[in-house]
Amino acid sequence: MISFVLAAIFSVRPSPIVDLKVMDNPNDEGGQIVLKWEYRKDADLSQISYIQIMRIDKMGTAPIVAEELKPTAKRYMDTDLKNGHPYRYFIRVWFKDGSYIDSAISPPVVPEAQWLHKDRIAALVILLLYGALLIYYLKKARKGERLTIRPIAGLQAVDDAVGRATEMGRPLLFVLGLGTVSDIATLAGLAILKRVAMKAAEYESDIIVPCFDPVVMAAAQETVKQGYLEAGRPDLYNEKNVYFLTNDQFGYAAGIDGIIMRQKPGAIFLQGAFYAESLIIAETGHSIGAIQIAGTSSVTQLPFLIAATDYTLIGEEMYAASAYLSRDPNSLATIKAEDWMKIIFIGLILVGAMLETVAGLTGNKSWSFIKTFFAGGAQ
Amino acid sequence: MGILHWLFSWETLAAFLTLAIFSFLYKENPVYRLAEYLFVGLSAGYGFAMTYFLAMKPNLMDPFIIPIMQRMHLLGGELLPINWWYIIPTIFALLYLSVITPKYSYLIRLPFAFLLGLGSGMAIPRAFQASILEQMWDTILHSPNWQGYADLSKQYEWSLTVVFISAIIIFVSVLAVLAYFFFSKEHKGAYGKFARFGIIVLMIGFGASFGSTVMARYSLLIGRLMFLLKWLHIVSY
């Protein structure tokens, strides 16, 4: 019996944890350390109850940072650490018999923030390429070269819709959706709003803009005011027609529905970021016989708007609206640059697909370099 | 007592408001208008309270305004430290109110410019990453020898040939949709037909999305109808 106890006390069991690697988490704002480890090949994992991650800071204490990880875990990320402070780690393996063994202590690792996200280099390359194309076309536009873009049906109908509402003696309703002022769809909606406001001023029609977001409301007021000013009719601008409704999604939809039914606008513009309320608004607009022009980049709402409105600007058509309506050379230059980017993407997809096929057929993954390069941030 | 309790319960109020909103299906009427104004007013008030307690209080009042008011002996309690950095966003926030005075309303352009610049700066790289790179990655086909094909084949019990053909369809469709959104060239001739194929592909996708979302809306309607039936004690669950 005594010999058994002595054997239990003095027997040295090797830690099942081997190859503990501790490193600063790459491409982050700091404060995070990644731990990776392997299990000894001859280790009997069925005997392990759980494992704990222990952290030693510069004070030398060893708090538990991860309780009861399963013995199959091979990775852990420690967070909320102080940048510039050294940390060391070890792993405590608890066995089902109540005993434990500690792994070797790792060398100190200092969490740091990185300025460059290396997985996003592909995005940077594309951004620089786009920037170069943009500068090229801007220079062309400023030299006076004529840049043209193809007709977009929904945008051609804008003037007709305003004219029709005027003939009917009804106001125009412009809905900017649920987006904030930093949403690209809202910005595109504001660009269209300016054109609609100019036309409304020209035809002496009222334009009603109920807003979901107070900041968007202020931007819409400025936009409409500018539109009336540019049309030479600032006297017709009525600030009270551009107002805040509510910032609750369905409260907003109910409010818009009420406005549609009571004011019976001749033309309704749904331009911006929309969610589940899109069909509710578009159906109500359809029920009163208003001409409706919608535009959004919300993929899930486009089907409803296509079904319930007369014209729908799909995604990028809406973004091109500003250039199309204003014919401003600078805006047209951005569309030209975007078109060239599309050609480049088509080329990259074609070449990438062919190289990928070669890589698959030959088994040589070095052919996958295009995909690997762009996969940096995509995976 | 039982009937009165039922009649003046929150459930009855909720059922009444549900029916008031549904009455819009017939036509716009005073009952709908009552529910609409109640909904809009309550949600606006709720939104204000949420904005105050979740945004304004922790980010402006607690770290900046309240400590200043304490030092001006306008508020009591344990003296809180002043975080002077908050003066910058506070000034930006106050500039939004400049719209009240016509003389200084131009100042609102400063926070707008900041917000738009910041928003665009954050959105553009994200859009490149999520909308372009990830789409490119998925469009560049996986080789038949690779895991992607094997997984698809196993998932749908398709032969590798069917999986390969479907991948080719996706590949050509992506190119056609890109061609549709090309604005520099009119949709005429062979290119026009290819772009036309692109819009057909989009419409097929939208149709599928339409169908699945309609089903989700039906489930919401069923949920509401079940509430009404439960309120009327016609169903018990």
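Because the structure is a prediction, the values reported are computed rather than measured.

Caption draft 1: Structural detail: the overall build of chain B. Within chain B, the regular secondary structure consists of 8 helices and 0 strands. Its helices and strands taken in sequence order, chain B reads α-α-α-α-α-α-α-α from the N to the C terminus. Reported as C-alpha extents along the three principal axes, the dimensions of chain B are approximately 80 × 60 × 40 Å. Classification of the 237 residues of chain B by burial places 29% in the buried group. Put simply, 25% of the contacts in chain B that link residues at least 6 apart link residues at least 24 apart. For chain B, the centre of its 15 positive side-chain charges and the centre of its 10 negative side-chain charges are spaced 11 Å apart.

Caption draft 2: Local environment of empty space enclosed by the protein. All names here are of chain A. A complete count under the given rule lists 1 cavity of 30 Å³ or more for this structure. Its volume calculated, the largest cavity comes out at about 30 Å³. In this structure, the largest cavity is lined by D206, I207, V224, Y228, L236, Y237, N238 and N241. Among the residues forming the lining of the largest cavity, the class breakdown is 5 nonpolar, 2 polar and 1 charged.

Caption draft 3: Seen up close, the domain arrangement of chain B. Residue and element names in this part refer to chain B. Splitting chain B by domain gives domain 1 (2-82) and domain 2 (141-231). Taken together, the contact between domain 1 and domain 2 spans 8 residues of the former and 6 residues of the latter. Around 650 Å² of area is buried between domain 1 and domain 2 when both sides are counted, 79% of it from carbon and sulfur atoms. Considering only the surface of domain 1 that becomes buried against domain 2, W6, T18 and F22 emerge as the three largest contributors, covering 51% of it.

Caption draft 4: Region of the structure containing the environment of L128 of chain A. All names here are of chain A. Positionally, L128 belongs in helix α2 (residues 121-142). Classification of L128 as exposed rests on a relative accessible area of 59%. Residues L128 and I291, spaced 163 residues apart in sequence, show a C-alpha to C-alpha distance of 42 Å.

Caption draft 5: The arrangement of the packing of aromatic side chains in detail. Under the counting rule described, the total for this entry stands at 15 aromatic pairs over all chains. The interplanar angle of 85° and the centroid separation of 5.0 Å between the aromatic rings of Y180 of chain B and F181 of chain B together place this pair among those described as edge-to-face. Each member of the pair Y180 of chain B and F181 of chain B is classed as buried. One aromatic cluster in this structure is built from Y50, W94 and Y100 of chain A. Geometry around Y324 of chain A places R327 of chain A over its ring, the cationic atom sitting 4.4 Å from the centre. Here the basic side chain of R217 of chain B rests over the ring of F304 of chain A, its NZ or CZ set 5.1 Å away from the ring centre.

Caption draft 6: Summary view of the sheet that holds strand β9 (residues 207-211) of chain A. Residue and element names in this part refer to chain A. Across the sheet, 6 strands lie side by side as β10-β9-β8-β11-β12-β13; this open sheet has parallel pairing. Single-partner strands in this sheet number two, and they are β10 (242-244) and β13 (311-314). The average undirected angle you get between the axes of adjacent strands in this sheet is 15°. In the sheet, strand β8 (residues 172-177) pairs with strand β11 (residues 267-273) via 5 bridges, with the strands oriented parallel. The residue bridging V175 from the neighbouring strand is L270, located in β11. Strand contacts of helix α6 (residues 249-263): β8, β9, β10 and β11, with the helix running at about 170° to β8, the strand carrying the most contacts.

Caption draft 7: Summary view of the sheet that holds strand β7 (residues 100-102) of chain A. Residue and element names in this part refer to chain A. Taken in spatial order, the 4 strands of this open sheet run β4-β3-β6-β7, and their pairing is antiparallel. Of all strands in the sheet, those with a lone pairing partner are β4 (64-69) and β7, marking the two edges. On average, each strand axis in the sheet is tilted by 15° relative to the strand beside it, whichever way the strands run. One ladder, built from 8 bridges, connects strand β3 (residues 48-56) with strand β6 (residues 88-95); its direction is antiparallel. Opposite I51, over in β6, you have V93 as the bridge partner.

Caption draft 8: Structural detail: the environment of T180 of chain A. All names here are of chain A. By the secondary structure assignment, T180 is in the loop between β8 and α4 (184-203). Spatially, the C-alpha atoms of T180 and K240 are 21 Å apart, while their sequence positions differ by 60 residues. When near neighbours in sequence (up to four residues on either side) are disregarded, T180 contacts T186, D213 and V216.

Caption draft 9: Local environment of unusual backbone geometry. Residue and element names in this part refer to chain A. Non-glycine residue D19 carries a positive phi angle of around 55°. Structurally, D19 is set in strand β1 (residues 17-24). Taking relative accessible area as the criterion, D19 reaches 47% and is therefore assigned partly exposed.

Caption draft 10: Layout of the domain arrangement of chain A. Annotation of chain A at the domain level lists domain 1 (13-102), domain 2 (118-136 + 331-378) and domain 3 (150-319). Summarising the inter-unit geometry, the C-alpha centres of domain 1 of chain A and domain 2 of chain A are found 40 Å apart.

Caption draft 11: Fine view of the pattern of salt bridges. Summed over the entire model, instances satisfying the criterion amount to 17 salt bridges over all chains. The closest approach of N and O atoms between E202 of chain A and K199 of chain A, which form a salt bridge, is 3.4 Å. On the criterion of helical spacing, the pair formed by E202 of chain A and K199 of chain A is a turn pair, its members being 3 residues apart in helix α4. Using a relative accessible area of 13% as the deciding quantity, one classes K199 of chain A as buried. Between E222 of chain A and R109 of chain B there is a salt bridge whose closest N-O contact spans 3.5 Å. Of this pair, E222 of chain A sits in helix α5 (residues 214-230) while R109 of chain B sits in helix α5 (residues 109-139), placing the two residues on different chains. Taken together, the salt bridges that share partners define one network made up of R262 of chain A together with E28, R33 and E36 of chain B.

What counts and what doesn't
- Residues numbered from 1 in each chain as written.
- Chains lettered and ligands numbered in written order.
- Predicted model: local features only at pLDDT ≥ 70, side-chain atom pairs only at ≥ 80, totals over all residues.
- Heavy atoms only, no water.
- Helix = DSSP H or I, 4+ residues; strand = E, 2+ residues; numbered from the N terminus.
- Buried < 20%, exposed > 50% of the residue type's maximum accessible area, 1.4 Å probe, protein only.
- Contact = heavy atoms within 4.5 Å.
- Lys, Arg positive; Asp, Glu negative; His and termini not counted.
- Charge placed at Lys NZ, Arg CZ, Asp CG, Glu CD.
- 1 Å grid on protein atoms, 1.4 Å probe; cavity = no way out; pocket = protein on both sides within 12 Å on 5 of 7 lines; lining within 4 Å.
- Points joined across faces, edges and corners; volume = space filled by probe spheres on them.
- Nonpolar A, V, L, I, M, F, W, Y, C, P; charged D, E, K, R; others polar.
- Domains from an automatic or database assignment.
- Buried area = accessible area lost by both parts, 1.4 Å probe.
- Phe/Tyr/Trp six-rings, centres within 6.5 Å; stacked < 30°, edge-to-face > 60°.
- Lys NZ or Arg CZ within 6 Å of the ring centre and 35° of its normal.
- Pairing = 2+ DSSP bridges.
- Axes fitted to C-alpha atoms, helices over the stretch in contact; angles between N-to-C directions.
- Salt bridge = Lys/Arg side-chain N within 4 Å of Asp/Glu carboxyl O.

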